[in-house]
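Structure at a glance
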Amino acid sequence: MKRFSIIGFPLEHSFSPEIHNDAFIANGIDATYSKIEIKPCDFAETIQSLKDEPGWNGFNVTIPFKQSIIPYVDSIESAAKKIGAVNTIRVEQDGTWIGYNTDYSGFLSPLKNYINNIRSCLIIGAGGAARAVAFGILQSAQIERLVIVNRTIQKARDLTDSLKIFYNTEYEVFSLQENISARQSFDLIVNTTSLGMGSLQNELPINPESLINKNTVVYDLIYNPAKTILLSLSEKVGASIINGLPMLIGQAEESFRIWTGKLFPDDLKQKWLKQIP
Ligand code: NDP
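Residues numbered from 1 in each chain as written. Predicted model: local features only at pLDDT ≥ 70, side-chain atom pairs only at ≥ 80, totals over all residues. Heavy atoms only, no water.

**Regarding the packing of aromatic side chains**
Put simply, the rule is: Any pair of Phe, Tyr and Trp rings, taking the six-membered ring for Trp, is counted once the centres come within 6.5 Å. Such a pair is stacked with planes under 30 degrees apart, edge-to-face with planes over 60 apart, and tilted for the rest. Helix numbering and strand numbering both begin at the N terminus, where a helix is a DSSP run of H or I of at least 4 residues and a strand a DSSP run of E of at least 2. A simple rule labels every residue: compare its accessible area, found with a 1.4 Å probe on the protein chains alone, to the largest value its type can have, and call it buried under 20%, exposed over 50%, or partly exposed in between. Charges are assigned to positions over rings by a cutoff of 6 Å between ring centre and Lys NZ or Arg CZ, combined with an angular limit of 35 degrees from the ring normal.
A complete count under the given rule lists 15 aromatic pairs for this structure. Ring plane angle 50 degrees and centroid distance 6.2 Å describe the contact between Tyr-33 and Trp-259, whose orientation is recorded as tilted. Of this pair, Tyr-33 sits in strand E2 (residues 31-37) while Trp-259 sits in helix H8 (residues 245-260); the two residues are 226 residues apart in sequence, bridging distant segments of the chain. Judged by relative accessible area, which is 3%, Tyr-33 ranks as buried. Taken together through their ring pairs, the aromatic side chains of Phe-4, Phe-24, Tyr-33, Phe-256, Trp-259, Phe-264 and Trp-272 make up a single cluster. Lying over the aromatic face of Trp-56, Arg-3 brings its terminal NZ or CZ to 4.0 Å of the ring centre. Between the NZ or CZ atom of Lys-51 and the centre of the ring of Trp-97, over which it lies, the distance is 5.2 Å.

Below is the structure:
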């Protein structure tokens with residue numbers, strides 16, 4: 001039996017085991033997918049023991065280890081290298097680990113019908129997910145203006161500095177506290193912060209009203225709640241909205257493809273879109 005797991009902390013709310021175990025059964029693959037919760041202080045020791053343990057075929061890596069896992073992979077695929085984050089590991093027959101990033105293709109999956117019309121993009125946040133979002137959009141759309149807004153402005157500057165190496169476009173950065181509402185609207189606005197989720201459920205990351213036109217797509221990476229306060233408000237003023245669930249399923253499907261060469265059956269995807277969270 002093949003063995004896969006997700007590595008992260010905390011993992012109690014992760015849907016990845018449910019998704020992958022359903023997909024193994026549907027595809028007739030003899031495999032199991034578990035959760036390994038690792039306290040950050042135990043990270044190095046636990047990863048080394050997983051590397052030494054035979055029988056593993058792959059891992060997903062999530063918060064807070066997507067960057068700290070990089071020194072432990074034996075090679076890294078080019079997109080993951082550019083993004084600077086690994087969320088998928090394939091264990092080869094000789095035991096070597098190859099690191100991939102599937103967050104960026106998962107992020108792009110629900111944007112297929114919009115991508116050709118996206119020229120300007122506002123990304124709220126500058127953490128690991130924002131890196132994958134920025135790389136994905138610059139790689140796939142004809143972006144003429146990319147604005148990044150973050151609580152810690154230096155992290156937004158660091159992110160644009162690393163993007164400038166690969167993509168030549170107009171960049172601007174702001175801190176969350178600054179008012180960018182007087183500026184022109186965007187074709188795509190993406191929230192990559194946790195504002196709108198859990199204890200921050202009533203927090204709006206940015207007031208979208210003056211940043212939206214009738215063609216704007218507002219995309220929140222949060223999927224629980226399914227409609228954040230940002231998405232509700234944006235929908236009211238005429239934007240198209242996307243939540244984080246198609247990205248969650250899209251990044252999982254790409255990991256599954258890397259491990260097994262197979263895709264998720266459509267009926268399973270429809271089931272998850274209705275049942276999660
Ligand atoms: P990181 O910890 O790397 O980044 C968090 C970001 O949120 C940073 O920009 C941080 O700002 C900002 N932030 C956090 N708390 C606050 C706050 N109280 N006020 C203002 N800004 C805040 O996390 P990730 O980038 O990995 O994940 C971010 C979000 O994306 C999470 O909600 C996660 O669930 C979601 N996500 C969804 C996925 C999906 O498949 N749908 C996939 C990956 C992530 P600062 O830099 O100032 O700290």
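Next comes the rest of the write-up.
**Here's the deal with the environment of Gly-250**
Note the cut-off: In this analysis, two residues are considered to be in contact whenever any of their non-hydrogen atoms come within 4.5 Å of each other.
Along the chain, Gly-250 falls in helix H8. Through-space distance from the C-alpha of Gly-250 to that of Phe-174 is 30 Å; in sequence the pair is 76 residues apart. Beyond its immediate sequence surroundings of up to four residues, Gly-250 is in contact with Gly-106 and Ser-109.

**Points about the site of the ligand**
Note the following rule: Think of it this way: one heavy atom of a residue within 4 Å of a molecule or strand is enough to make that residue near it. Definition of a polar contact: a pair of N or O atoms within 3.5 Å, with one able to donate and the other able to accept a hydrogen when the atoms are protein atoms, and with sequence-neighbouring residues admitted only if both atoms are side-chain atoms. Per-residue accessibility takes into account occlusion by the displayed protein chains alone, with areas from the Shrake-Rupley method and a 1.4 Å probe.
Around the ligand, 23 residues are found, and the nearest of them are Ala-129, Asn-150, Arg-151, Thr-152 and Lys-155. Between a nitrogen atom of the ligand and a main-chain N or O atom of Gly-244, the distance comes to 2.9 Å. Leu-248 is positioned such that a nitrogen or oxygen atom in its backbone is 3.3 Å from an oxygen atom of the ligand. Contact with the protein chains removes 79% of the 920 Å² of surface that the ligand exposes when unbound.

**What to know about the layout of surface pockets**
Where empty space is left can be seen by rolling a probe of water-molecule size over the atoms. Worth spelling out the cut-off: With a 1 Å grid spanning the protein atoms alone, the term cavity applies to any set of points in which a 1.4 Å probe fits but cannot get out, the term pocket to an open set with protein on both sides within 12 Å along at least five of seven lines, and the term lining residue to any residue with an atom within 4 Å of a point. Grid points are joined across faces, edges and corners, and a volume is the space filled by probe spheres set on the points.
When its volume is computed, the second largest pocket comes out at roughly 320 Å³. Residue lining of the second largest pocket: 16 residues in total, with Ser-109, Lys-112, Gly-250, Glu-253 and Lys-269 positioned closest to the centre.

**Some thoughts on the side chain of Thr-88**
Tracing the sequence through the fold places Thr-88 in strand E5 (residues 88-91). Setting aside residues up to four positions removed in sequence, Thr-88 forms contacts with Phe-59, Asn-60, Ile-98, Gly-99, Tyr-100, Thr-102, Ser-255 and Trp-259.

**With respect to the side chain of Asn-87**
Tracing the backbone shows Asn-87 in the loop between helix H3 (78-83) and E5. The class for Asn-87 is buried, based on a relative accessible area of 2%. In this structure the side chain of Asn-87 is engaged in a polar contact, spanning 2.7 Å, whose partner is the backbone nitrogen of Thr-102.

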